[in-house]
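# Examination of the molecular architecture
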Amino acid sequence: MKNAVYLAIRSLRWHFGRAVTIILCLALTLWLPLTVRLLLQQFRQEISARADSTPLVIGAKGSRIDLALHALYFEALPPGTTTSGDAREVQKTGLATAIPIYAKYRTQSREGQPGVPIVGTSPDYYRFRQLRIASGRIPSVLGDCVAGYNAAKRLQLKPGDTILSAPRNAFNLAGDYPLRMNVTGVLDAAHSPDDEVIFTDTKTVWIIDGIGHGHQDISKSSDQDLVLNRDGGKVTASAAVLPYTEITPGNLDSFHFHGNPAKFPLTAVLAIPDSEKSRVLLIGRYSSENPTAQCLKPPDVVAELLSVVFRIEQLVWVSSAIAVLVTSLLLALVMALSIRLRAAEMQTMYRLGCSRRTIIMLLGAELALMLFAGSVIAVTTAWISKQFIAESLRQLLF
Amino acid sequence: MIELSEIRFAYPADSFDLHIPHLSIPSGQAVAVTGRSGCGKTTLLNLLAGILLPSQGTLNIDEICVSQLTDAQRREFRLQKIGLVFQDFQLIDYLSVLDNVLLPCRISSTIVLNSKHRDRAAELLKRVGLSLHVTKSVTRLSQGERQRVAICRALLLNPVLLLADEPTGNLDPRLSNEILQLLLSQARETGATIVTVTHDHSLLPAFDRVIPFETFRTSDHGKAAK
């Protein structure tokens, strides 16, 4: 066997071009299904882990998948808005802790990087997701925010920096102004979608929403460009008075909200039941009583989604199996032609006293070496692909 | 001693028929077999090498009845007791000079390649003036050098019988003589019997004995070029 491997290596080195072509064909044929499998496996693990750790999601009726993915990943917008009243309802039942999620807006781009989602929530969220502060502190005042690990890295944010929310509509001159938020801290890496966003409280997001606002005292403004006319106590201000809204210790008290707080919008509510019984009761309550809201079990929704992914995976497997079959046939053809071209060499070996078994072993060793090399390349590139593509794929999917 | 007795051989679906009533070659003798193209000289070498099996008769080499050995036994016998030199050298292009010489050890299922074989190969290559080319690819050698490598390969395992099928057929006259002398001297040194098929009558004086193939009865010579 040792001699067969030695002769096979010599032969492959001699027929370098042919060997490399076959090895690359094999590697490519193996790489595709392997990479798909690895990526889907990782995708399955990630999405399942996040879903499994989220007991219940409550939100507007509509697409279950959209709502679940929004509550878990903050990316896709849910089918409709829910209200803070819904969160209070959950809390009032005493069956679960309600964590509001309001993730409708993004930050403005910064340092050439596109903006990230702004997630309004309550301090319970940090405890629930076990998010730890790497530097700074958790937001405590209106207008404060804390950056997820990757978001902070990308946008080059550190405690003490500020970041603007992206305006909802650039053409609405009378409309909402961006909110300049104070970055009070940066979270530790959680290796989850929480790394990709900026967290603040729901009230701050409602300010971005225009539900809440403050008032600027123009009469005390030192910037004369902002003041068009002063007539006694009446001051006429320029439209450019507020390029953005900023909540400072000076104007914090002026901020207030209009309307019924129970009607203030949220995009989802995470419900953390205190027991299995509470969980079942809560699900039952939503399945029978509430005409506008729904209660989801994220693992079930993700399982539905994964069943779709599984069907896609099967399709990929069938395609890969066909590709493997075609490659095998081509490989068999190449080997047959190669044996024909090397007939003289085989004949010499046979005439010298080599058995047919040894000749087959020699050819088998060549094939095995090429398969081995192709497999090593396929596994290595699949692993590298997994490292580089996994994140992009997740972002592409959500 | 090589002894052939009442050997008959015929190719299937062919009218070629070879009949050797008796042929005896003493050990260490250098024999040249001459004859027209297609008369069956190569068939004789193949019979002696055990590549072909006679349909009748007995073939003894060194008191071993080759015609009674099994396929596997004949292969090992050929590998260990017989050295083969071909007209077109039949070296393996992807192997170095040294590896070509060591090839019989690498393809044998019973011989384990060891340092003695390597030393023997190096010594043979030194003797034929190729000690500086051991790691070279055989494709980079001249025709004469390639045939020397083939001779070293044939002599590696100290064969009792050296069979050469027109070993100088592809070489110019000066080189032909040189290679033949080399072959004969190496065979004599190891005490091997040598049977060479040749068309070149100018080389015949170098042999101990010349056997004109016409002494054997064959039919349909023209179709016998297998």
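The structure contained in this document is the topic of the report that follows.

Conventions adopted
- Residues numbered from 1 in each chain as written.
- Chains lettered and ligands numbered in written order.
- Predicted model: local features only at pLDDT ≥ 70, side-chain atom pairs only at ≥ 80, totals over all residues.
- Heavy atoms only, no water.
- Helix = DSSP H or I, 4+ residues; strand = E, 2+ residues; numbered from the N terminus.
- Contact = heavy atoms within 4.5 Å.
- Areas by Shrake-Rupley, 256 points an atom, 1.4 Å probe, with all protein chains shown as cover.
- Buried < 20%, exposed > 50% of the residue type's maximum accessible area, 1.4 Å probe, protein only.
- Salt bridge = Lys/Arg side-chain N within 4 Å of Asp/Glu carboxyl O.
- Buried area = accessible area lost by both parts, 1.4 Å probe.
- Pairing = 2+ DSSP bridges.
- Axes fitted to C-alpha atoms, helices over the stretch in contact; angles between N-to-C directions.
- Patch = residues over 30% accessible without salt bridge, like charges linked within 9 Å, V, L, I, M, F, W, Y side chains within 5 Å.
- Phe/Tyr/Trp six-rings, centres within 6.5 Å; stacked < 30°, edge-to-face > 60°.
- Lys NZ or Arg CZ within 6 Å of the ring centre and 35° of its normal.

Attention shifts here to the overall build of chain B. The helix and strand tally for chain B stands at 7 helices and 10 strands. Long-range pairs, those at least 24 residues apart, make up 74% of the contacts in chain B with a sequence separation of at least 6. Total accessible area on chain B is roughly 9300 Å²; 49% of this is exposed by carbon and sulfur atoms.

Moving on, we get to the overall build of chain A. Check the secondary structure of chain A and you find 11 helices and 17 strands. By the burial criterion, 44% of the 398 residues in chain A qualify as buried. Sequence-distant contacts, at least 24 apart, represent 77% of the contacts inside chain A between residues at least 6 apart.

Our focus in this paragraph is the pattern of salt bridges. For the structure on display, the rule yields 21 salt bridges over all chains. Arg127 of chain B is the partner of Glu123 of chain B in a salt bridge, and the nearest nitrogen-oxygen pair spans 2.3 Å. Residue Glu123 of chain B and its partner Arg127 of chain B are located together in helix H5 (residues 115–127), separated by 4 residues, close to a single helical turn. Owing to a relative accessible area of 30%, Arg127 of chain B belongs among the partly exposed residues under this scheme. Through salt bridges with shared partners, one network takes in Arg18, Arg342, Glu345 and Glu366 of chain A.

Listed as interface residues are 19 residues of chain A and, on the opposing side, 21 residues of chain B. Taking both sides of the interface into account, the surface hidden between chain A and chain B amounts to around 2100 Å²; carbon and sulfur atoms contribute 61%. Its largest share of buried area at the contact with chain B, chain A owes to Trp14, Arg351 and Leu352 of chain A, together 36% of the area lost on that side. At the junction of chain A with chain B, the criterion picks out 0 salt bridges.

With that settled, the discussion passes to the sheet that holds strand E9 (residues 209–212) of chain B. Sheet strands pair by backbone hydrogen bonding; their relative direction is either parallel or antiparallel. Residue and element names in this part refer to chain B. The sheet built from 5 strands is open, its strands ordered E6-E7-E8-E3-E9 with parallel pairing. Strand pairing shows two members of the sheet lacking a second neighbour, strand E6 (82–85) and E9, which therefore form its edges. When strand polarity is set aside, the average angle formed by the axes of neighbouring strands in this sheet is 20 degrees. When E6 meets strand E7 (residues 161–165), the two strands line up parallel, connected through 4 bridges. Directly across from Leu84, in E7, lies its bridge partner Leu163.

Residue and element names in this part refer to chain A. On the surface, a cluster of nonpolar side chains totalling about 540 Å² of accessible area is made up of Val318, Ile322, Val326, Leu330, Leu333 and Leu337. Residue position: Val326 is located in helix H9 (residues 298–341). Note on Val326: relative accessible area 42%, which makes it partly exposed.

Turning our attention to unusual backbone geometry. Residues and elements named next belong to chain B. Residue Glu6 is not a glycine yet carries a positive backbone phi of 50 degrees. Secondary-structure assignment places Glu6 in strand E1 (residues 2–10). A relative accessible area of 40% means that Glu6 is categorised as partly exposed. For Phe89, which is not glycine, the phi torsion reads 65 degrees and is therefore positive. Mapped onto the fold, Phe89 is located in the loop between E6 and helix H3 (97–101). You can call Phe89 buried: its relative accessible area is 4%.

Here the focus is the environment of Ile47 of chain A. Position of Ile47 of chain A relative to the elements: it lies in helix H2 (residues 16–52). For the pair Ile47 of chain A and Tyr73 of chain A, spaced 26 residues apart in sequence, the C-alpha to C-alpha distance is 9.3 Å.

Moving on to the packing of aromatic side chains. On inspection of all chains with the given rule, the structure shows 9 aromatic pairs over all chains. Note on Phe74 of chain A and Phe199 of chain A: the rings are 6.1 Å apart at their centroids and 85 degrees apart in plane angle, and the pair reads as edge-to-face. Highlighted residues: Phe74 of chain A in the loop between helix H3 (64–73) and strand E2 (82–83) and Phe199 of chain A in strand E9 (residues 198–201), separated in sequence by 125 residues. On the basis of relative accessibility, which here comes to 0%, the residue Phe199 of chain A falls in the buried class. Their ring planes at 90 degrees and their centres at 4.8 Å tell us that Phe9 of chain B and Tyr11 of chain B sit as a pair that is edge-to-face. Like Phe9 of chain B, the residue Tyr11 of chain B is buried in the burial classification. Following the ring pairs from residue to residue traces out a cluster consisting of Phe74, Tyr125, Tyr126 and Phe199 of chain A. We note Arg356 of chain A situated over the ring of Tyr350 of chain A; from NZ or CZ to the ring centre the distance is 4.6 Å.

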